[in-house]
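Chain by chain, the residues run as shown.
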Amino acid sequence: MKTYNWRPFLERWSADWLDSPGARGRGDVDETVLRDRWLGFPAAGEDRITELEARLGVTLPPTYRSFLATTDGWRPAGTAVSRVGAAEGVHWYGDPDGLQAVDEGALDEYASEEEVLRAGMWGRALRLTAAPDTVEVLLDPGDPDANGEWAAYLHRGGAGGERPERHGSFMDLMQALFREFHRAHGDDPRFVNETTRELDADVEEARLACLEGADIDGALELLIEADECGRPRAHWLRVQMEGMLSGGGRAGGDGGDGLGGSWGSGYGDGGMDDPLYARELVPLAALEHLGAGREEAEFLRPPDGRAHDGDDRKQALALLREIGERTFRYEAPGPFGEAVASAREQARWGDTDGAWRTLAAAVADWEPYGEEHMAPVGLLADPLLGPVITPERGRFLLETPRADGRSAVDDGGGVNVPRARLDGLGWLAEDTRPPVPDAYRFVLVHDVSPQELADRIGQGPLLAPCDESEAGQAIRIGSCGFWGTHPEKWSFAFESGRIGTEPPSEAVSRGTKSVTVWCERGGRSPAHPGTFHFSYAEDGERVYGFTVRDGETEQWGVILDVLDPGHLFPDAGTDWDEDSYDDEDSHDADANARPGSDGDSDGGASEGSWALDPDDEYESLDAISEVFGVSLPRFALRQGRLHAIAPA
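Residue numbering note: each chain is counted from 1, following its sequence as written. Totals for whole chains, interfaces and linings use all residues, but because this is a predicted model, local features are given only for residues with pLDDT of at least 70 and pairs of side-chain atoms are given and counted only at 80 or more. Heavy atoms from the whole structure form the basis of all side-chain values; hydrogens and water molecules are not counted.

Now for the pattern of salt bridges. A pair is scored as a salt bridge if a Lys or Arg side-chain nitrogen falls within 4 Å of a carboxyl oxygen belonging to Asp or Glu. This model, assessed by the stated rule, comprises 34 salt bridges. The partner of Glu-46 in a salt bridge is Arg-65, and the shortest N-O contact between them spans 2.8 Å. Taken together, the residues Glu-46 in helix α3 (residues 46–56) and Arg-65 in helix α4 (residues 62–70) connect sequence positions 19 residues apart. One network of salt bridges, with partners in common, ties together Glu-204, Arg-207, Arg-233 and Glu-372. Secondary structure elements follow DSSP: runs of H or I no shorter than four residues count as helices, runs of E no shorter than two count as strands, and numbering proceeds from the N terminus.

With that out of the way, let us pick up the environment of Pro-526. Topologically, Pro-526 is positioned in the loop between β10 (513–520) and β11 (531–538). What makes Pro-526 partly exposed here is its relative accessible area of 42%. Each C-alpha atom of the pair Pro-526 and Trp-610 lies 7.6 Å from the other, and the pair is 84 residues apart in sequence. When a residue's accessible area, from a 1.4 Å probe over protein chains only, is under 20% of the maximum for its type it is buried; when over 50% it is exposed; and in between it is partly exposed.

Before going further, it helps to examine the packing of aromatic side chains. Only centres within 6.5 Å qualify two rings of Phe, Tyr or Trp (six-membered ring in Trp) as a pair; their planes then separate them into stacked at under 30 degrees, edge-to-face at over 60, and tilted for everything else. Counting across every chain of the model gives 27 aromatic pairs. Look at Trp-13 and Phe-178: their rings are 5.5 Å apart centre to centre, the planes differ by 65°, and that puts the pair in the edge-to-face class. With a gap of 165 residues between them, Trp-13 in helix α1 (residues 6–18) and Phe-178 in helix α7 (residues 170–184) connect regions that are remote in the sequence. Pair check on accessibility: Trp-13 and Phe-178 agree, each one buried.

Here a helix's expected span is defined as the number of its residues, less one, multiplied by 1.5 Å. Its 16 residues give helix α13 (residues 310–325) an end-to-end C-alpha distance of 22 Å, which sits within 8% of 22 Å, the value for a rise of 1.5 Å per residue. For α13, the complete set of buried residues consists of Asp-312, Ala-316, Leu-317, Leu-319, Leu-320 and Ile-323. All buried residues of α13 project into a common sector of 160° when viewed along the axis, lining one side. Seen from the buried face of α13, the exposed residues on the opposite side, beyond 90 degrees, are Lys-314 and Glu-325. Among the residues trailing α13, Arg-326 stands out with phi positive, at a value near 60°. It is the directions from the helix axis to the C-beta atoms that the arc portrays.

Moving on, we get to unusual backbone geometry. Phi is positive for Arg-37, close to 50°, though the residue is something other than glycine. For Arg-37, the location among the structural elements is in the loop between α2 (31–36) and α3. In this structure, Asp-95 takes a positive phi of about 50° despite not being glycine. The topology assignment puts Asp-95 in the loop between β1 (91–92) and α5 (99–105). With a relative accessible area of 14%, Asp-95 lands in the buried category.

Before going further, it helps to spend a moment on the nonpolar core. Only buried Ala, Val, Leu, Ile, Met, Phe, Trp, Tyr and Cys residues count toward a nonpolar core, and they belong to the same one when joined by side-chain atoms within 4.5 Å. In terms of nonpolar packing, the biggest core is built from 63 residues, with Met-241, Met-244, Phe-336, Ile-389 and Leu-398 touching the most fellow members. Of all the elements, helix α11 (residues 275–291) adds the most residues to this core, at nine residues. In what follows, a contact means two residues having at least one pair of non-hydrogen atoms within 4.5 Å. Not counting residues within four places of it along the chain, the set of residues in contact with Met-241 comprises Cys-210, Ile-216, Ala-219, Leu-220, Leu-223, Met-374 and Leu-398. In terms of nonpolar packing, the next biggest core, distinct from the first, is built from 41 residues, Trp-38, Leu-68, Ala-77 and Phe-181 among them.

Looking now at helix α16 (residues 391–398). When we look at burial in α16, the residues that qualify are Arg-393, Gly-394, Phe-396, Leu-397 and Leu-398. Turning to α16, the residues buried within the fold contact α8 (194–211), α9 (216–228), α10 (232–246), α15 (352–362) and α23 (634–638).

Close contact between α10 and α16 brings their axes to 6 Å; oriented N to C, the two are set at 135°. Viewed along their axes, α10 and α16 adopt a mutual orientation that is oblique. Across the interface between the two elements, Met-241, Met-244, Leu-245 and Ser-246 from α10 touch Pro-391, Gly-394, Arg-395, Leu-397 and Leu-398 from α16. By the convention adopted, Pro, Cys, Tyr, Trp, Phe, Met, Ile, Leu, Val and Ala count as nonpolar, Lys, Arg, Asp and Glu as charged, and the other residues, Gly among them, as polar. A per-class count over the contact of α10 with α16 returns six nonpolar, two polar and one charged. Inter-axis angles, ranging from 0 to 180 degrees, are taken between N-to-C directions of lines fitted to C-alpha atoms, where helices are fitted over the stretch in contact. By definition in this entry, angles of less than 35 degrees are roughly parallel, angles greater than 145 are roughly antiparallel, angles of 65 to 115 are roughly perpendicular, and the rest are oblique.

So, on to the pairing of strand β9 (residues 490–496). Counting buried residues along β9, seven of its seven residues qualify, which places the element largely inside the surrounding structure. Covered by surrounding structure in β9 are Trp-490, Phe-492, Phe-494 and Ser-496 together with Ser-491, Ala-493 and Glu-495, the residues of both alternating faces. In terms of strand pairing, strand β6 (residues 439–446) meets β9 through seven bridges, oriented antiparallel. Pairing of Phe-442 across the sheet is with Phe-494, part of β9. Whether two strands pair comes down to DSSP finding at least two bridges between them.

In this structure, Arg-641 sits in the loop between α23 and β15 (642–645). Here the side chain of Arg-641 touches Pro-383 through a polar contact of 3.0 Å, landing on its backbone oxygen. Between N or O atoms, a polar contact is any pair within 3.5 Å; within protein, one atom must be a potential hydrogen donor and the other a potential acceptor, and residues adjacent in sequence are included only when both atoms are from side chains.

Further remarks concern the environment of Phe-328. Note on placement: Phe-328 falls in the loop between α13 and α14 (334–348). For Phe-328 and Leu-384, which are 56 residues apart along the polypeptide, the C-alpha to C-alpha distance reads 9.2 Å. Leave out the neighbours within four places in its chain, and Phe-328 touches Pro-283, Glu-322, Ile-323, Gly-378, Ala-381, Asp-382 and Pro-383.

Another point: the sheet that holds β1. Taken together, the five strands give an open sheet; going across it, the order is β1-β2-β3-β4-β5, and neighbouring strands pair in antiparallel fashion. Each of the sheet's edge strands pairs with one partner strand only, and the pair in question is β1 and β5 (165–167). Sheet topology places strand β3 (residues 135–144) next to strand β4 (residues 150–156); seven bridges connect them, and they run antiparallel. Looking across to β4, one finds that Leu-139 is bridged to Ala-152. Strand contacts of helix α6 (residues 113–121): β3, β4 and β5, with the helix running at about 120° to β3, the strand carrying the most contacts.

Our next topic: the confidence of the model for the protein. Values of pLDDT, the confidence the predictor places in each residue, fall between 0 and 100. Mean pLDDT over the protein: 84, with 81% of residues reaching 70 or higher. Predicted confidence in the protein is weakest over helix α17 (residues 406–409), with a mean pLDDT of 45, and strongest over α9, with 97. Scored below 50 in pLDDT, residues 407–412 makes three contacts in the model with residues more than four places away or belonging to other chains. Residue range residues 575–606 is modelled with pLDDT below 50. Its contacts to residues more than four positions away, or to other chains, number 57 contacts.

This paragraph deals with the packing of α8 against α10. How two helices pack is summed up by the angle between their axes together with the distance between the axes. Contact geometry for α8 and α10: axes closest at 10 Å, N-to-C directions at 25°. Accordingly, the angle class assigned to the pair α8 and α10 is roughly parallel. Considering how the two elements wind past one another, α8 and α10 form a crossing that is left-handed. Contact residues: α8 offers Val-203, Glu-204, Arg-207 and Cys-210, while α10 offers Arg-233, Ala-234, Leu-237 and Met-241. Looking at side-chain class alone, the contact of α8 with α10 contains five nonpolar, no polar and three charged residues. Each crossing gets its hand from how the near helix is turned against the far one by less than a right angle, where anticlockwise is left-handed and clockwise is right-handed.

Following this line, the structure appears as C-alpha cells:
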C-alpha cells in the first residue's frame, strides 16, 4: 500500500479516523473536520514555503515540501503525535537535552554508519512539532538520500525515552504513523473501513498464494503490511511464513518478538486445545523465547492481562521445558506425519540429507489444522528435524503446492525434490569454520548399524542426540550411507579436537571391515606434530595402512597405488621410529588452532614441529573415500544432532 501522492493518502487517513469507534463523540473535534472530513488545513502557498526556507536557511526535502503544498500541518489523528508539520511551528531542534554528547560518547570503532549519523542528528535536526512534546518529529539534513530526502525520526519520551525511530523520509514517517493508528484499533471488530477491507483481502490473497506455492515473497509483503496495520489474521500467517524462511534448529534467531513475546498472545482463543496453536505455534514461540534468554515466567504471562486456565499453563510450561531439554517430538497428521517419523529416524543417525528428501517428497500431502494453517512450522522446533530445515529448504517447502493450493496447480507429477550428493571425506580438509579443530578422528565400519558400532566401541551408554558444541569430546555416532557407485552401507564414529590418542580401529572390524583415519594438523607444538594415520582392517586384523608423523612415514601391508603415502605425502620421509615419539605431553594451549592462525605460539617455527600440508590432507581423504565408497555427512556433523557415546 505505497503512497506517492499526499492528498489521497491524507483523505484516506481522515476518513478512517472519523469512522473509528469514539472519534465522533470527542468534544475536541473541530466542526470543520467533521464537515469536510479532513484532518489537515489549507495548503501553504509557495510564498509561505519559500519564506520558511529563507528563515531556516535550507531547501526543504521534497516530500515535506509537497506536504506543505497540500496542507499546512496535520492534526492529531489517532497517534501520540500532536499537530505536526505546520510551517509556523518548524524550528531547529537545538538538542535541548544534550543527547548528542551522550550518543557520540557511546560510539566505538565498531559503530555502524547509521549509528554515527543518528548520534550526530540531535544538534542539526529540524523539529516539525509545534512545541516540545512526549513524541517529536525530527528531520536530519545531515542524512540525505539520492533524491534529496532527509532521514526522519520519531523521538518518543524525551531524554529518557526510547531510541529514536529512523525513517527514510517524511512521507515514510507519516505512513508509519498511519499504520500505528490502524494498529491501535486492530482488535476492535467495529473498526471497519475501506483500508481494513483492502488489507483483509490482501491477507486472504497471500494465504492462498502461499498454499499454491506462488510468489512467496509477494505474499509475505502483503502479510507484513497487514500485520503492521494490526489486522488480526495477518500476524500468525506472517509468523508461519517467516519461520519457514528463517529455517529451524536455532533458538530464537535474533531474539525478536515475532510471536508477540508470550505464549499468551495466542492465535484465536489462545487455548492449548487448539492443535494449530498448541502443536505448531507454541513450540515455535518456545524456541524463540529460549533463544532470547527470557525468563520462564515471561513465557506464561499474557500481554493483555487475561487469566488463563491452569491446565493450559501447565501444558505450555511442559512444552517450553521439552524444547529447552531437546526432547520435543514434532508430530503431524496423515501421510506427512508418517514421513516426519521416518525422517526423524534418518536424522538421528546422521542421514540428514535423506531426512530432508523424505520430508520434501511428502509435503504435498501435508494436512493443515484449519484455514489459518499454512505450513508445518512446529517442525522447526524439533531438535532433530529443525536443523534439517535450512532457510533454502524452508523456501522449497513453501513453494511446494500443498493443502488447498495443491488442487489448483498440481499437474500430478509429484514434487521435484532436489537430488542429493554425498559429501565424501575431503570436506574435512576444506573446512574453514572458526574455530576449526586442529584434530579429528573417525572410524567407519561396513554393514554394521550405528547402535551396534556404539556397542563395539563400548565406552558407555548411548547419549541423547547432541550438536557439535554440546557433544564436547563425546564420540558422535551415525550412518554414512554409500558413496559414488558403491551400494554399501557404513556407520561411523567421529570426534574432533582430541589429540595424542589413536582411535579404535581393528577391534571394531570383527566379522566385517573398517576404515580408520586419525589426523592432527600439527605445526603448533613439538609435542604434537602433524600426523595422518590411515588403517584398513578386516575381521579384527589390520590389513594395510600407513602413518605419517612429524614428516616421517611408516606403512604396513600391501597398499594400493592410489593410497601410497609416498604419492599422497611427497614431502614426508621414511623410517619413522615409533619408540622415538613421546606421547606423555599434555595438550598444548594452542592445540585447537590451525597452522598459520593467530595465537601466542610460533605458528610452526618451533624446532621439531611439523605440520600437514592441507593439499596432502585433502588428497588423502579424497582417495580413501573413492577407494572404499565412504562418506561422512558434513551437514549432520556440523549443523545437526547425533547420538554420542562418552570417551573412555
